[in-house]
Structure formats: C-alpha cells, structure tokens
Amino acid sequence: MEQEQLAQILKKIGIKTLNGMQQQSLDAHDNADNIMLLSPTGSGKTLAFLLPLMQKVDAGKRENQVLVVSPTRELAMQIEQVFKNMGTAITITCCYGGHKREIEEHNLSQNPNVIVGTPGRLGDHIRRGNFHPGQIRHLILDEFDKSLELGFQDEIQFIVESLPNLKSRTLASATNANDIDIFPGWEQPVVLDFLTAEKDGSNRFVVQSLRTKGLDKLPDLVRLLCFHGGRQSVIFCNFREDVEMCSQRLAEAGIQNVFYHGAMEQRERDLAMCKFRNGSARFLVTTDLAARGLDFEHIRYVIHYQLPVSEKSFTHRNGRTARMDKSGTAILMLNEKEYLPDYINESEIEEIILEKEQYPLPGRPEWATLYFGMGKKNKVNKIDFVGFLTKIGQLRIEEIGKIEVKDFDAFVAVRRSKAAHLLSLIKGEKIKNKKVRVEFAK
C-alpha cells in the first residue's frame, strides 16, 4: 500500500501510526494467500485484516469481491463501521439476522465490493441467489474459533464450498484453534501469533478473587461495586436468566445498570450497549455474548459473578479490560462452596478484603441518553444532531457526549443536569425539515 494512501486512511480513523501487529499483517498479505492472524482482543485486528483489501479490491468494478464472516451481528456491524470510517471508494454492506432481509436484498442488488455478515444470514443469501459467490476472491473469517464454538461449522463449510474462485483466505482470532480443516485450499498458512507477545510495562493486568460470606453473592457484589466507587465494570453471568436476575437485584439495591444477552430484541441490545458506551450506565450485566467483538472504551473491571465455564471463556471475558496500553483487573467471585478453576494459578491471585459492611452507593452517571426516532436512512448524521442540539437545544459542545446513529434511530448522550430542560426545548422541533420523535431512552 502506498504510504500516502495509508496516511489518509489513518487520519480518517483517528490514529497516527499502525501498531506492530497491523504492520506485519499488511506486509504478510503482500506475499501470502493464506494468513492466520492471532492477536488479543482490543489490539486492532479488524484494521489489520481490512487494510490489505485496499490492494486487492478493484473499486471500479461493481461486483462482489470480498466476503467477511463474523460469528455475531455486533461484530459484523463493527467491522462494517470500521471499514466505512476508512473513507475509501470500496463499497460494503452488512448482513445479519434481526432486521428485514428485504433491505439486505436491495443492498446486495447494488453489487457491493465487500459483504460482511453472520454465517446463518450469509448462507441464506447464497441459497436465495442474492449475491454472486463465484465473484468472491477473498475470504475473511473473523473470530473463527468462536464461530465453531457457536455451532456454525456446517454453515461456514457450506459458505466456503460455495466460493469456487478464492485467491486468499484470512482467519483472525483472539485465541488459537486447531480445527480449521473445513477450509479447502488452506495450505501452509503464514501464522502471525501475537497472543504470547510480551505486553508493555504500562499495561498491567491483575486477577483478584473475592470470597463471599454465603451462597448468595449479590450482597457482596453490591459492596464491591460501591467499594470501587462506580468505576465502569462488566459483570459476567453464564445464563440469560441469571443476567436478568442479577440486573434486577442490583437495581433494587440502588445500583443503576443495563443488561445484555442474546434473547433480547436488536433495539434493546443497541440501547444497552449505547448507554454503557456513552457513560449513562456504569455497569453492564451480560453473558459471554459481550466477551468479544463489541467496541468498548477502556473497562477498568471485569467481574466474573459466575465462574467462567472454560479457560477460553475466561480469556475472552478478561479481554474486555487491560486493552492496548491500559491497566485492568479481573475479579472472580467465589461463594463458600466454590473453588478456583484448575487453569488459574492460585498463587498469582490477589485476594480482596472488603473491610466495611457498607460503602456509599455510586452517584448517578453524569450522562443521560436521549432517543431520536430518525437515523442514517433519514439522511441524518452526527453533525446534524450536534447542530440541532447546540442551536435549538442551546447546549455547549462539551455538554454533548457520544452520538451513535443507527439506520432508523439514534442515541445521544447529554449532560444529565441539562437533559430535562433540553427535552422541553427540542420536543416537536425539526431536523432537516422533518419532525423528530425524541425522548429519554428507557
């Protein structure tokens, strides 16, 4: 890739230079057709496998050239967003369950250069003849071990066998995996393994344990969150029912939180993630669905409210913290009948002692989230919302937080102290000459 083109892309996505893993991936793709990229969560793998496409894709041709397969819809949408942020002429569309297939069929009819999606939805489109698998030259399978864990092996095998003219294959993951014999043409891959690379001294990851007083961990979870003073935390449970139970009991104890799992409607999942990302919710209670693929800023604490079912699950959960050059802490909560898993060395664990019976509850977050009933399909973007909130809503720029614009709606963080008055000013007003429904996101 020409240095000038690379510099333009990096400027658009807001970084100054590639890290070592990304540069090696770029170099390796110039000389090899099969690449296995192994790197920790948060290290920038998405950019590492997208950048080489700049040399491989002909944006002047209206044809499908690249297929990117992701195990979850959230990861698929994140890949699409990173690619769009790069600001190239290459076209892309995203396919996943949870929204209308007709929209995707229309987008696919435009013959985008890159198609990214989940295994089930991509397989469905192939069977329906909605895109041209014979045109696909390059395959990327992100988090491939997770796809196999989730039972997508047959669907992925069908997809791969439907691509007769592949020239290159890239497999990316945050953990190593050996079961990759389902890929025809996968011979002598170049392995880029950054999983065992030494971390910079500024990146300190600590594992702690908290032994609860009884079988019920919830009272000690409340004390722990209060002890940490409301620092942003992800709380992992093993099952959806336990996620909702834990979230409800935390709320009853005065701990505001959001929960997230696979059985929720897409809009509910989007809202929970938006609130957590923009700081209007400090605590996220979730299953392992949030253990990878989602775009988070720095998370200080990962709390294993229920012990992870496997070492691999433990690794991915912990990948939510200590990302890049930040420090982080993972906390294992153990009741009086539980013991540390065999894969954890007890001598390396720090024990937490909560000396007080009660600590002050965390204050309310400084941000609140507003819901707007219009999005990208209504031809609005972040700049439109900033202009609307500063002119009509009389907010200063620093009183506007993270803005996330979806296809048909948007979520905007504003200073909580300004939210009620703001709502009275903007209700019934127009954005781009269209009335917009706006309310507190619930």
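Residues numbered from 1 in each chain as written. Predicted model: local features only at pLDDT ≥ 70, side-chain atom pairs only at ≥ 80, totals over all residues. Heavy atoms only, no water.

**Q** I would appreciate a short explanation of the overall build of the protein in the present structure.
**A** In terms of regular secondary structure, the protein is built from 15 helices and 20 strands. On C-alpha atoms alone, the protein measures out to a radius of gyration of 23 Å, which is about the 22 Å that the 2.2 N^0.38 rule sets for 442 residues. Oriented by its inertia axes, the alpha-carbon framework of the protein measures out at about 65 × 60 × 40 Å. Out of the 442 residues in the protein, the part that is buried amounts to 53%. In the protein, once contacts between residues fewer than 6 apart in sequence are set aside, the share between residues at least 24 apart is 75%. Carbon and sulfur atoms make up 46% of the accessible area of the protein, which totals about 20800 Å². When the 60 basic and 58 acidic side-chain charges of the protein are each reduced to a single mean position, those positions are 9 Å apart. (Helix = DSSP H or I, 4+ residues; strand = E, 2+ residues; numbered from the N terminus. Rg over C-alpha atoms; globule rule 2.2 N^0.38 Å. Buried < 20%, exposed > 50% of the residue type's maximum accessible area, 1.4 Å probe, protein only. Contact = heavy atoms within 4.5 Å. Areas by Shrake-Rupley, 256 points an atom, 1.4 Å probe, with all protein chains shown as cover. Lys, Arg positive; Asp, Glu negative; His and termini not counted. Charge placed at Lys NZ, Arg CZ, Asp CG, Glu CD.)

**Q** What is the right way to read the sheet that holds strand 7 (residues 190-193) from this model?
**A** Whether parallel or antiparallel, the strands of a sheet pair through hydrogen bonds between backbone atoms. Across the sheet, seven strands lie side by side as 3-4-2-5-6-1-7; this open sheet has parallel pairing. Each edge of the sheet is formed by a strand with only one pairing partner; in this case those strands are strand 3 (92-95) and strand 7. Between one strand axis and the next, the sheet turns by 15 degrees as a mean value, whatever way the strands run. Sheet analysis places strand 2 (residues 66-69) next to strand 4 (residues 114-117), joined by four bridges and oriented parallel. The residue of strand 4 that forms the bridge with L67 is I115. (Pairing = 2+ DSSP bridges. Axes fitted to C-alpha atoms, helices over the stretch in contact; angles between N-to-C directions.)

**Q** What is the right way to read the confidence of the model for the protein from this model?
**A** Parts of the prediction with low pLDDT should not have their coordinates interpreted in detail. Chain-level statistics for the protein give a pLDDT mean of 88 and a share of 92% at 70 or above. A low-confidence stretch, residues 197-202 stays under pLDDT 50, and its non-local contacts, those more than four residues away or across chains, total four contacts. (pLDDT = per-residue confidence, 0-100.)

**Q** In this structure, what is going on with unusual backbone geometry? I would like to understand it.
**A** A negative phi angle is the norm for most residues apart from glycine, just as the trans form is the norm for most peptide bonds. Here the phi dihedral of Q394 falls at roughly 60 degrees; this positive angle occurs in a residue that is not glycine. Its location among the elements puts Q394 in the loop between helix 14 (382-391) and strand 16 (400-405). Even without a glycine there, the phi angle at K432 is positive, about 55 degrees. Within the secondary structure, K432 is located in the loop between strand 18 (430-431) and strand 19 (434-435).

**Q** Explain the packing of helix 5 (residues 73-85) against helix 12 (residues 266-278) here, please?
**A** Relative placement of two packed helices is described by the angle separating their axes and the distance separating the axes. Where helix 5 contacts helix 12, the axes come no closer than 12 Å and their chain directions differ by 65 degrees. Crossing geometry of helix 5 relative to helix 12 is assigned as right-handed. Contacts between helix 5 and helix 12 involve R73, E74 and M77 from the former and Q266, R269 and D270 from the latter. When grouped by side-chain class, the residues that make up the contact of helix 5 with helix 12 number one nonpolar, one polar and four charged. (Left-handed = near helix turned anticlockwise from the far one by under 90°. Nonpolar A, V, L, I, M, F, W, Y, C, P; charged D, E, K, R; others polar.)

**Q** In this structure, what is going on with the packing of aromatic side chains? I would like to understand it.
**A** For any pair of aromatic rings, geometry is given as the distance between the ring centres together with the angle between the planes. Tallied over the full model, the rule gives five aromatic pairs. Ring centres 5.4 Å apart and planes at 65 degrees place the aromatic pair F227 and Y359 in the edge-to-face group. Of the two residues, F227 is situated in helix 10 (residues 218-227) and Y359 in the loop between strand 14 (350-351) and strand 15 (367-372); the sequence distance between them amounts to 132 residues. Residue classification places F227 among the partly exposed positions, given a relative accessible area of 39%. Members of the aromatic cluster, each reached through a chain of ring pairs, are F372, F385 and F388. Sitting over the ring of F158, R127 keeps its end group 4.0 Å from the ring centre. For K217, the ring lying beneath its charged end belongs to Y305, and the centroid distance is 5.9 Å. (Phe/Tyr/Trp six-rings, centres within 6.5 Å; stacked < 30°, edge-to-face > 60°. Lys NZ or Arg CZ within 6 Å of the ring centre and 35° of its normal.)

**Q** Even after reading the chapter, I still don't get the environment of G97, so can you show me in this structure?
**A** Locating G97 in the fold gives a position in the loop between strand 3 and helix 6 (101-109). Once the C-alpha coordinates of G97 and P119 are considered, the two residues, 22 residues apart in sequence, prove to be 9.8 Å apart. In this view, G97 contacts R73, T118 and R121; residues no more than four positions away in its chain are not counted.

**Q** When you look at the pairing of strand 13 (residues 328-334) in this model, what are you seeing that I'm missing?
**A** Taken residue by residue, a regular strand's side chains alternate between the two faces of the sheet. With respect to burial, strand 13 is a largely interior element, seven of its seven residues being buried. In this structure, strand 8 (residues 205-211) lies alongside strand 13, joined through seven bridges in parallel fashion. Pairing of R211 across the sheet is with L334, part of strand 13. Pairing geometry for strand 12 (residues 301-304) and strand 13, over four bridges, is parallel. The residue bridging I303 from the neighbouring strand is I331, located in strand 13.

**Q** I keep staring at the nonpolar core and nothing clicks. Help me out?
**A** Soluble, globular proteins show a tendency: their nonpolar side chains are buried together. If you look at the biggest cluster of nonpolar residues, it comprises 35 residues, and the most contacted ones within it are L51, L53, V68, F83 and M86. With residues up to four places along the chain from it excluded, the contact list for V68 reads F49, I79, V114, I115, V116, G117, L122 and I140. Judged by nonpolar contacts, the second largest core, of 23 residues, contains V222, L224, C246 and I331. (Core = buried A, V, L, I, M, F, W, Y, C linked by side-chain atoms within 4.5 Å.)

**Q** Before we go on, may I ask you to explain helix 1 (residues 3-13) in this structure?
**A** Side chains of residues three or four places apart in an α-helix project in the same direction, reflecting 3.6 residues per turn. Along helix 1, the residues that are buried comprise L6, I9 and L10. Looking straight down helix 1, one finds its buried side chains confined to an arc of 100 degrees; they lie on one side. Helix 1 presents E4 and K11 as exposed residues on the side facing more than 90 degrees away from its buried surface. Buried residues belonging to helix 1 abut helix 3 (45-50) and helix 4 (53-56). Just downstream of helix 1 lies G14, where phi reads positive at about 85 degrees. (Arc of directions from axis to C-beta.)

**Q** Quick question: what am I supposed to make of the pairing of strand 16 here?
**A** As defined by bridge partners, strand 16 adjoins strand 17 (residues 410-415) across four bridges and the pair is classed as antiparallel. Its bridge partner being in strand 17, V405 is matched across the sheet by A410. In sequence, strand 16 turns back onto strand 17 through a hairpin of four residues.

**Q** Hey, could you run me through the side chain of N111 in this one?
**A** Structurally, N111 is set in the loop between helix 6 and strand 4. At 3.5 Å, the side chain of N111 forms a polar contact with the side chain of H132. (Polar contact = N/O pair within 3.5 Å; in protein donor to acceptor, adjacent residues only side chain to side chain.)

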